[in-house]
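Chain by chain, the residues:
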Amino acid sequence: MYSKESYEYNSQENRRLETAIQKMASGDKTALADLYERTHTAIYAFIVSILKDKNTADDVFQEVYLKVYENAASYTAKGKPMAWLITIAKNQCLMQFRKVKATESLEDVEELWTTNPDVEERMLLEAAFKQISDEERNIIVLHVLSGLKHREIAKILDLPLATVLSKYHRGLKKLKGILEENANE
C-alpha cells in the first residue's frame, strides 16, 4: 500500500529536484551536483539496463547530465522530475543505438545473424517491446534488468505502487502474448 509518509517523501523529493532544475536553468552549477547526487543511481541503472555495456553506459551517463543541464530551462514543473530525467536518459540511449547502427556494416549484421542464434530472439523481443507502452517498458526494464524493487520504481517515476505493479504485470502479459503469437507464425 502507498502510505501517506512515502507520498510526502516523494512530494518533498520532487520539489527538491524541481528546485535544483530551476536553479540550473538560472546557471547554478551547484544545483547540478545536488540533482546528480539525488538521482545518479537510478539513472545509471536505467542506462546500463538498456545498453548492456558499462563503458558505453558511462559515456551516455555523462551525456545525460550535460543534456539535463543544457535543457533545464525547458523543463516544465509538473511534479515528475524523475520522469523527465528518465526520458532524457532513454533518448540518449536511443541516440547511442543510432550511432552504433549507423557505423555497423551490412557484413557485420549478416555475420551476427549467422553466428549468433540469440539475435533472432533479441530482435523479436525488441519488436515486442515496441508494441507496449513506454511506461510499461520502463517499469519492466527498471525491475527486471536494473533489479530495482517496485517501490523504488514507484518513487523514481512518482507513481502509486499499485499503478507500477499493474503496469508491470500488464506489460509482461502483453509481451508474453506477442512473443507466443510470433512463435506460432
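These lines cover the structure that appears in this document, whether it is placed above or below. Just so we're clear, the structure is a prediction, and the values are computed from it rather than from any experiment. (Residues numbered from 1 in each chain as written. Predicted model: local features only at pLDDT ≥ 70, side-chain atom pairs only at ≥ 80, totals over all residues. Heavy atoms only, no water.)

### As for the packing of aromatic side chains
Selection rule: Each Phe, Tyr or Trp ring (for Trp, its six-membered ring) is paired with any other whose centre lies within 6.5 Å, and the angle between the two planes then decides the class: stacked below 30 degrees, edge-to-face above 60, tilted in between. Put simply, DSSP marks the helices as runs of H or I at least four residues long and the strands as runs of E at least two long, and each gets a number from the N terminus on. Only protein chains enter the calculation, and the probe is 1.4 Å; a residue is then buried if its accessible area is under 20% of its type maximum, exposed if over 50%, and partly exposed in between.
The final tally for this structure, using the stated rule, is 5 aromatic pairs. On the numbers, 5.2 Å between centres and 80° between planes, the contact of Tyr-44 with Phe-61 is edge-to-face. Linking Tyr-44 in helix H2 (residues 29–51) with Phe-61 in helix H3 (residues 54–71), this pair joins segments that are 17 residues apart in sequence. You can call Tyr-44 partly exposed: its relative accessible area is 22%. In this structure Phe-61 comes out as buried when scored by relative accessible area, which is 11%. Ring centres of Phe-61 and Tyr-65 lie 5.2 Å apart, and the angle between their planes is 75°; this geometry places the pair in the edge-to-face category. One end of the pair, Phe-61, and the other, Tyr-65, are both in helix H3, 4 residues apart, so they sit about a helical turn from each other. The same class applies to Phe-61 as to Tyr-65, namely buried. By way of ring pairs, the aromatic residues Tyr-36, Tyr-44, Phe-61 and Tyr-65 are connected into one cluster.

From the geometry alone we can't say anything about function, so treat these as descriptive.
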